[in-house]
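Observations on the model geometry
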Amino acid sequence: MRTVTKLAGFAVGLVAVFGATYGVGRAVDPAPAAESRHDDAATPTADESGGTADRLPGGLLVSERGYTLEPLDAPAGEFAFRIAGPDGRPVTRYDVAHDKQMHLIVARRDLSGFRHVHPELSPDGTWRVGTPLTGPGQWRAFADFTPTGGEPLTLGVDVAVPGELTERPLPAPATSTTVDGYTVTLAGAPQPGRTSPLTLTVSRDGQPVTDLEPYLGAYGHLVALRRGDLAYLHVHPDGTPGDGRTQPGPAVTFLADVPSAGSYRLYLDFRHGGRVHTAEFTVVAGAAPTGDAPTPSEPAPSGGADHGTPGHGHN
Ligand SMILES: [Cu+2]
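Note that the structure is predicted; figures quoted are calculated from it, not measured.

Looking now at the pattern of salt bridges. Within the structure shown, the criterion is met by eleven salt bridges. For Arg82, the salt bridge is made with Glu70, and the minimal N-O distance between the two is 2.8 Å. One end of the pair, Arg82, is in strand β3 (residues 78-84); the other, Glu70, is in strand β2 (residues 67-72), and twelve residues separate them in sequence. Arg82 sits in the partly exposed class, given a relative accessible area of 30%. On the accessibility criterion, Glu70 (27% relative accessible area) is partly exposed. Close ionic contact of Arg271 with Glu213 constitutes a salt bridge, the shortest N to O distance being 3.7 Å. Of this pair, Arg271 sits in strand β18 (residues 262-272) while Glu213 sits in the loop between β14 (207-208) and β15 (221-226), placing them 58 residues apart in sequence. Looking at Arg271, the relative accessible area reads 29%, which means it is partly exposed.

Covered by surrounding structure in strand β12 (residues 182-187) are Tyr182, Val184 and Leu186 only, the residues Thr183, Thr185 and Ala187 on the alternate face being uncovered. Sheet topology note: the strand β11 (residues 176-179)/β12 ladder contains four bridges and is antiparallel. Counterpart to Thr177 in the pairing with β12 is Val184. Where β11 folds back on β12, the antiparallel hairpin that results is connected by two residues, among which Asp180 adopts a positive phi of roughly 50°.

Looking at the copper ion, one finds its protein donor set to be His103 (ND1), His116 (NE2) and His118 (NE2), positioned 1.7 to 2.0 Å from the metal centre. Sequence positions of the donors to the copper ion reduce to the motif H-x12-H-x1-H. Taken as a pair, His103 in strand β5 (residues 102-108) and His116 in strand β6 (residues 115-117) lie far apart in primary sequence, 13 residues in all. Classification of His103 by relative accessible area gives buried; the value is 1%.

Assignment of secondary structure puts Tyr67 in strand β2. The class of Tyr67 is buried, set by a relative accessible area of 14%. Distance in space between the C-alpha atoms of Tyr67 and Asp87 is 9.0 Å, their sequence separation being 20 residues. Those residues in contact with Tyr67 that sit more than four places away from it in its chain are Val62, Ile83, Ala84, Gly85, Pro86, Val91, Pro147, Leu153 and Leu155.

Taken in spatial order, the five strands make up an open sheet running β1-β2-β3-β8-β7, and their pairing is antiparallel. Pairing within the sheet leaves two strands with one partner each, and these edge strands are β1 (63-64) and β7 (120-121). Pairing geometry for β7 and strand β8 (residues 126-130), over two bridges, is antiparallel. Residue pairing for β8: Glu120 is matched across the bridge by Arg128.

Calculation rules
Residues numbered from 1 in each chain as written. Predicted model: local features only at pLDDT ≥ 70, side-chain atom pairs only at ≥ 80, totals over all residues. Heavy atoms only, no water. Salt bridge = Lys/Arg side-chain N within 4 Å of Asp/Glu carboxyl O. Helix = DSSP H or I, 4+ residues; strand = E, 2+ residues; numbered from the N terminus. Buried < 20%, exposed > 50% of the residue type's maximum accessible area, 1.4 Å probe, protein only. Pairing = 2+ DSSP bridges. Donors = N, O, S within 2.8 Å, 3.2 Å for Na, K, Ca; no water. Contact = heavy atoms within 4.5 Å.

Read these as spatial facts, not as claims about activity.
So, in structure tokens, the structure goes:
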């Protein structure tokens, strides 16, 4: 009986994880919410047939759904790669998402060194950009794109830059940071398994910034990386410039679906004064309850649980 109860708890746990990753799938989908709901409704079997790979957070795999991220040899100072398609040939056609066909994001494994750049596509399918790898270390490079005719994907690959590296400890969680003379504050806390609003507010010299410039189709672009495996979450802005309700600052709100408890590093790109600035925060999602309180996946002991299983008689 004890075994059966534990197995049941395990199954409930799987469902909970599944629900959370499913939410991430929606979060990284750049389609409007209505279309996302349509997609979800149209592909229910993908979730019921155990296709967990489809619903992992982005960036954990170098190859997914037939598409593979392939770094290429490049001259010094340049970073080059291509995406091999299901037929093995380089993909040359991409949809525009967040104003670009390709978003290349890099960060070191210790979550330092974040850069978000936009490579140029050659007709043969090679993407090139001035290297965003700003120094030695073990880097993770993420290609965030939508192949024409396919679904949005984020593939990730490790890239080593030789040299002496000093690992940096993850900065402590904070609700305020400064970058390029701007102060950015964070309100809200991500909760695993549910959509959580995060509001970032920008000021300079004590004055709220109310003339943020659109960047990548919004007044800010937020990426979250999970500590430990660098799972990549592309967090959606709540509202777009020109929709009649979204103001150009000082506050920009995002909707985050985090797949698990744990530490995340948030990177907010915003544009002001003709330049893109990146504010970084460490946040802790869903701090685990302390002590030995039962987790939600463990059914509370009750008389009924021990006796109410007709059809499984064992005496
Ligand atoms: Cu981008």
